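# Working through the structure, step by step
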Amino acid sequence: MAHQHSSQPRLSSSSHEEDIRLLLAPRLAYFEAVARHEHVTRAAHELSVPQSTLSRAVVGLEADLGVALFARSGRSVSLTPAGRTFLSSVERALAEVGRAADSVRADADPASGRITFGFLHTLGSETVPGLIRAFRADHPGVRFQLVQNYGEAMIKRLRAGELDLCLTSPVPDAPGLVARRLDEQRLRLVVPDDHRLAGRRRIRLAEAADETFVTLEPGFGLRRITDDLCAQAGFTPRIAFEGEEAETLRGLVAAGLGVALLPPPAVARPGVVELAVTAPRAVREIGVAWLDGHPDTAPVAAFKQFLLARRGRLLPD
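Now for a quick tour of the structure. (Residues numbered from 1 in each chain as written. Predicted model: local features only at pLDDT ≥ 70, side-chain atom pairs only at ≥ 80, totals over all residues. Heavy atoms only, no water.)

Before going further, it helps to examine the sheet that holds strand E8 (residues 202-204). Overall, mixed pairing links the four strands, which are arranged E8-E12-E7-E11 in an open sheet. Only two strands of the sheet have a single neighbouring strand rather than two, namely E8 and strand E11 (260-262). Within the sheet, the average angular offset between the axes of one strand and its neighbour, ignoring direction, is 45°. Of the strand pairs in this sheet, strand E7 (residues 188-192) and strand E12 (residues 272-279) are connected by five bridges, and their pairing is antiparallel. Residue pairing for E12: Arg188 is matched across the bridge by Ala276. (Pairing = 2+ DSSP bridges. Helix = DSSP H or I, 4+ residues; strand = E, 2+ residues; numbered from the N terminus. Axes fitted to C-alpha atoms, helices over the stretch in contact; angles between N-to-C directions.)

Quick look at the structure:
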């Protein structure tokens, strides 16, 4: 393998990192094979490439680096000190690429792949565990990475490619997203058990216009729904406390610090009474969203179809 002059310029210390990767990456496996065999012909046979192609690639690599990596004797070669130093890093880089390839293939495997699934905190105690249990009855090997968050944060993570799909409310209507309504959940006015309204079973929301409310923080879908329902009832809620989790709000209500519009709890909490709201119609829609045009792996596609098939019966009775 005789030295040849490369038509490409050598890399300088001022070369951009992306240019270095572009020049070096395709040839690293060639270099590693020649270094391991210490023979060009045997390396070319292993890689199933013409010997001339392999020789040119390695000579071009040396030219780009401006360093001799091999000492040559006919078809046999041996590493120079610089070549041994370079080989150590190349082996680690190729091993990491191999692990990355194995990881993405494993995540896409129909039987044992991974789904990154986002959902609202209020769906975490009962709804999502039930869904996953039902799905895994037919897909027992599929793995889930679960992400709990509020609606706007999940949509942001969805757009960033950090989620495969998410359950959220309200159902988003935004460019670049596909969303499907799956179910609706009635909201209740939660009051302390010693409240003046605690003896009632149902209420018009306008009757709570003078109450102090505890709500989720702005940015949460349930906060937006609360504000909209109060506006429909003809008032702006007077808010004393803002939180990040529905059961914390129930605790504040039980402590007599206000009232709240909340979905039903998984387990009844002492100290509060939950009233049906008759007007306006107090519900929140639950939907599934994903990136438009984003290709699904086999496990993600299966779970998406599973969720869509549960339209109207997503939530526990």
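On to the environment of Gly161. Turning to its location among the elements, Gly161 is positioned in the loop between helix H7 (151-159) and strand E5 (165-168). Residues Gly161 and Phe213, 52 residues apart in the sequence, show an inter-C-alpha distance of 36 Å.

Our focus in this paragraph is the pattern of salt bridges. Pairing between side chains becomes possible if they bear opposite charge and their charged atoms approach one another. Applying the stated rule across the entire model yields 21 salt bridges. The partner of Arg27 in a salt bridge is Asp64, with the nearest N and O atoms 2.8 Å apart. Linking Arg27 in the loop between helix H1 (17-24) and helix H2 (28-37) with Asp64 in helix H4 (residues 51-65), this pair joins segments that are 37 residues apart in sequence. We classify Arg27 as buried; its relative accessible area is 13%. Where Glu207 meets Arg204, a salt bridge forms, and the shortest distance between an N and an O atom there is 3.9 Å. Taking the relative accessible area as the measure of exposure, Arg204 reaches 43% and is therefore partly exposed. (Salt bridge = Lys/Arg side-chain N within 4 Å of Asp/Glu carboxyl O. Buried < 20%, exposed > 50% of the residue type's maximum accessible area, 1.4 Å probe, protein only.)

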